2 protein chains.
Amino acid sequence: MSKLENSLREVIAVFRQYAEKKCKKDTMSKGELRQLILIEMADSIKNTKEKHIIQKILKELDDDRDDQIDFFHSVVKMTQVLKTTE
Amino acid sequence: MSKLENSLREVIAVFRQYAEKKCKKDTMSKGELRQLILIEMADSIKNTKEKHIIQKILKELDDDRDDQIDFFHSVVKMTQVLKTTE
């Protein structure tokens, strides 16, 4: 299995780990995604060059914490967080 | 850096590697994505349990090979390929 395949598997596994807390598989609540980012992306939050973008993302997820978000839109948010460290 | 952060970085790096062949960063052509899948996801293609889904994805990418596709829609396609191995 290639590095790409392993990496995609890992992202899916982490998503499911947080989504499955409430027995769902394909979506999670925005509150769950917020927790995932706070815990699994702690280094990015610590090393960000754009703290205000992270704060905005986390606030949005907190404001709508009961709304559902699917895998791909979760990847969008995670990538937005990660890119603030580049 | 967490496994999630490293995995996301790897997916972004592979995307850019194929997208940058034509000096773009945020999009690639569907033909480039087809190449990426054929080369970087060869194990998934070999081990798929649903060959017809893979063939359909590859055919669609080939039919519209000059159309552009962004990072997130590329991740959708890659994940569709990967999930046929589950």
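That block above? That's the structure.
Residues numbered from 1 in each chain as written. Chains lettered and ligands numbered in written order. Predicted model: local features only at pLDDT ≥ 70, side-chain atom pairs only at ≥ 80, totals over all residues. Heavy atoms only, no water.

## Remarks on the overall build of chain A
Looking only at helices and strands, chain A has 5 helices and 2 strands in total. Seen in sequence order, chain A has helices and strands lined up from the N terminus as α-β-α-α-α-β-α. For chain A, whose C-alpha radius of gyration is 13 Å, the value lies close to the compact-globule estimate of 12 Å for 86 residues. In chain A, which comprises 86 residues, the share counted as buried stands at 45%. Sequence-distant contacts in chain A: of pairs separated by 6 or more residues, those separated by 24 or more amount to 64%. In chain A, which carries 17 positive and 16 negative side-chain charges, the distance between the mean positions of the two groups comes to 3 Å. (Helix = DSSP H or I, 4+ residues; strand = E, 2+ residues; numbered from the N terminus. Rg over C-alpha atoms; globule rule 2.2 N^0.38 Å. Buried < 20%, exposed > 50% of the residue type's maximum accessible area, 1.4 Å probe, protein only. Contact = heavy atoms within 4.5 Å. Lys, Arg positive; Asp, Glu negative; His and termini not counted. Charge placed at Lys NZ, Arg CZ, Asp CG, Glu CD.)

## Some details on the nonpolar core
By size, the foremost hydrophobic cluster in this structure holds 46 residues, and its most contacted members are Leu36 of chain A together with Leu36 of chain B. Breaking this core down by element, the ones donating at least two residues are helix 1 (3-19), helix 2 (30-40), helix 4 (51-63) and helix 5 (71-83) of chain A together with helix 1 (3-19), helix 2 (30-40), helix 4 (51-63) and helix 5 (71-83) of chain B. Leucine 36 of chain B has contacts with Leu4 of chain A together with Val14, Phe15, Tyr18, Met28, Met41 and Met78 of chain B, leaving out every residue within four places of it along the chain. (Core = buried A, V, L, I, M, F, W, Y, C linked by side-chain atoms within 4.5 Å.)

## Comments concerning the interface of chain B and chain A
Contacts between the two partners involve 30 residues from chain B and, on the opposite side, 30 residues from chain A. The junction of chain B with chain A conceals about 2,800 Å² of combined surface from both sides, 65% of it contributed by carbon and sulfur atoms. Here chain B is connected to chain A by 4 salt bridges. Salt-bridge contacts for lysine 3 of chain A lead to glutamate 10 of chain B; the nearest nitrogen and oxygen are separated by 3.6 Å. In this assembly, chain B and chain A are joined by 10 residue pairs in polar contact (both at pLDDT 80 or more). (Buried area = accessible area lost by both parts, 1.4 Å probe. Salt bridge = Lys/Arg side-chain N within 4 Å of Asp/Glu carboxyl O. Polar contact = N/O pair within 3.5 Å; in protein donor to acceptor, adjacent residues only side chain to side chain.)

## Digging into the environment of leucine 58 of chain B
All names here are of chain B. Within the element layout of this structure, leucine 58 appears in helix 4. For leucine 58, a relative accessible area of 13% translates into the label buried. In this structure, the C-alpha to C-alpha distance between leucine 58 and serine 44, residues 14 residues apart in sequence, is 13 Å. Setting aside its immediate chain neighbours within four residues, leucine 58 contacts Arg34, Ile37 and Leu38.

## Some points on the relation of the copies chain B and chain A
Mapping chain B onto chain A calls for a screw motion: a turn of 180 degrees about the axis and a shift of 0.0 Å along it, with 0.0 Å RMSD after fitting. Taken together, these values place the two copies in the relation of a two-fold axis. Across chain B, the smallest distance between a C-alpha and the rotation axis is recorded for serine 7 of chain B, namely 2.2 Å. Interface residue correspondence from chain B to chain A reaches 100%, placing this contact among same-surface, isologous pairings. (Least-squares fit on C-alpha atoms with pLDDT ≥ 70 in both.)

## Section: the pattern of salt bridges
When their charged atoms lie close together, side chains carrying opposite charge are able to pair. Residues and elements named next belong to chain A. Scanning the entire structure with this criterion turns up 12 salt bridges over all chains. Put simply, lysine 56 and glutamate 60 hold a salt bridge, and the shortest N to O gap is 4.0 Å. Of this pair, lysine 56 and glutamate 60 both sit in helix 4, 4 residues apart, roughly one helical turn. Residue lysine 56 is classed as exposed on the basis of its relative accessible area, which comes to 55%.

## A closer look at the side chain of threonine 79 of chain A
Tracing the sequence through the fold places threonine 79 of chain A in helix 5. Polar contacts involving the side chain of threonine 79 of chain A include one to the main-chain carbonyl oxygen of valine 75 of chain A, which spans 2.7 Å. If we ignore the near neighbours within four places in the chain, the residues touching threonine 79 of chain A are Leu8, Ile12, Phe71 and Phe72 of chain B.

## Focus: helix 5 of chain A
Here helix 5 of chain A contains 13 residues, and its C-alpha end-to-end distance of 18 Å stays within 8% of the 18 Å for a straight helix at 1.5 Å per residue. Its side-chain oxygen at 3.3 Å from the backbone nitrogen of phenylalanine 72 of chain A, aspartate 70 of chain A defines the N-terminal cap of helix 5 of chain A. (Expected span 1.5 Å × (residues − 1).)

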